[in-house]
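# Understanding the architecture of this molecule
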Amino acid sequence: MVRNVAELLPELEEADFYLLSGVEQGMRFSEWVQREKLPKFADLTEEEIDYRLERCLKRGLVEKKTIQYEGYTLQFEGYDALALRTLVQRETIGEFGSPLGVGKESDVYEVRSYKPLALKYHREGYTNFREVHKERDYTADREHVSWMYTARKAAEREYDILEALYPDVSVPRPIDQNRHAIVMEKMDGVELSRAKLEDEQVIGVLDLLLSELATAYEIGYVHADMSEYNVFVGEDGVTIFDWPQAVPTDHENASEFLRRDLRNLIGYFRRKYPQIVPDEIDEESVAAAIEGGAFETVETHV
């Protein structure tokens, strides 16, 4: 976990990071890096490699496996340590706080710099590699694709999309990114799935969310994984997060993904607030209005 790695940082020495970086380089070519190749990748002597491997194995940063050869691979904690050290060196983050959310594809922690921020570690590919590799198009052009590459590409993709959308779309402000980690502004409010909206707020919040999706579409992106679990509702409005799977509007399935997002979002409001959100909302006309740049309000599509 990220907090454990943060506590390990003071114990690690410069050469430990040389070793971790060497394993990282070797994993570009193979999941398990041959022991004999590590001196070249890490720029360390044979004796230093043995000493650093022992230290990193003890701390759970690398894993050893004897197959046809003695091989080493990074644990996610080792990759966490590399990214975390870089972000600390850049003075992007300083102090660590509590976990904000732990899921199958990411872990998010509160961190501090000049203000409270959120540190998100992408975990795509580590526990569900085959599924992510099949679904995410940023892994399609590589002969060897590791969980490490998949997670890094997800972080890069999400950071680039956040930069493109912010501040026109209400998304977390991106601050920095390294490897599989993103630092962004901490969101205020509560997850939509746990929010208890007053009756008079329901349609207004739904309108806000649809307007944000419409603006994102104008900029050139469809979220493609919209649900009540990636929206925060606060006093200042709504924030939409988790964008690594977003697709550009010229993607061959963009129209399908947009309609799925709308079904998920409007369907949630219908289920939770059946007396307020009418069944007659025409989701197809909402999608057509967004695609045509003419979305106004929910009421115009009833």
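Fair warning: this is a prediction, and the values are worked out from it, not measured in the lab.

## Structural notes on the environment of Val 302
In this structure, Val 302 sits in the segment after helix H10 (283-291). The exposed category is assigned to Val 302, whose relative accessible area is 54%. Measuring from C-alpha to C-alpha, the distance between Val 302 and Val 286 comes to 9.6 Å, with 16 residues separating the pair along the chain.

## Comments concerning the domain arrangement of the protein chain
As assigned here, the protein chain comprises domain 1 (6-136 + 144-185) and domain 2 (190-300). A C-alpha centroid distance of 33 Å is found between domain 1 and domain 2. For the pairing of domain 1 and domain 2, the buried interface totals around 1,300 Å² over both sides, and the portion due to carbon and sulfur atoms is 65%. In this structure, the connection of domain 1 to domain 2 is made through one salt bridge. Note that Asp 242 is salt-bridged to Lys 120, the shortest N-O span being 2.5 Å.

## Considerations on the pattern of salt bridges
Tallied over the entire structure, the rule returns 23 salt bridges. Residue Glu 185 is joined to Lys 115 by a salt bridge in which the shortest nitrogen-to-oxygen separation is 3.1 Å. With Glu 185 in strand S8 (residues 181-185) and Lys 115 in the loop between strand S5 (106-112) and strand S6 (116-122), this pair connects stretches of sequence that are 70 residues apart. Taken together, the shared-partner salt bridges in this structure form one network comprising Glu 13, Asp 16, Glu 48, Arg 52 and Arg 55.

## Describing the sheet that holds strand S9 (residues 190-191)
Spatial strand order, S9-S11-S12: three strands in an open sheet with antiparallel pairing. Among the strands making up the open sheet, the edge pair consists of S9 and strand S12 (237-240). In the sheet, strand S11 (residues 231-234) pairs with S12 via four bridges, with the strands oriented antiparallel. Along S12, the bridge assignment pairs Val 233 with Val 238. Against the sheet, helix H8 (residues 199-219) engages S11 and S12, with an angle of about 40° to S12.

## Here we look at the packing of helix H9 (residues 254-272) against H10
Geometry of a packed helix pair, given as the angle between the helix axes and the separation of the axes. The interhelical angle for the contact between H9 and H10, taken along N-to-C directions, is 130°, at an axis separation of 10 Å. The angle between H9 and H10 falls in the class oblique. The hand of the H9/H10 crossing is right-handed. Listed contacts from H10 to Ser 255, Leu 258, Arg 259, Leu 262, Arg 263, Ile 266 and Arg 270 of H9 are Glu 283, Glu 284, Val 286, Ala 287, Ala 288, Ile 290 and Glu 291. In terms of residue class, the contact of H9 with H10 is made up of seven nonpolar, one polar and six charged.

Rules behind the numbers
Residues numbered from 1 in each chain as written. Predicted model: local features only at pLDDT ≥ 70, side-chain atom pairs only at ≥ 80, totals over all residues. Heavy atoms only, no water. Helix = DSSP H or I, 4+ residues; strand = E, 2+ residues; numbered from the N terminus. Buried < 20%, exposed > 50% of the residue type's maximum accessible area, 1.4 Å probe, protein only. Domains from an automatic or database assignment. Buried area = accessible area lost by both parts, 1.4 Å probe. Salt bridge = Lys/Arg side-chain N within 4 Å of Asp/Glu carboxyl O. Pairing = 2+ DSSP bridges. Contact = heavy atoms within 4.5 Å. Axes fitted to C-alpha atoms, helices over the stretch in contact; angles between N-to-C directions. Parallel < 35°, antiparallel > 145°, perpendicular 65-115°, else oblique. Left-handed = near helix turned anticlockwise from the far one by under 90°. Nonpolar A, V, L, I, M, F, W, Y, C, P; charged D, E, K, R; others polar.

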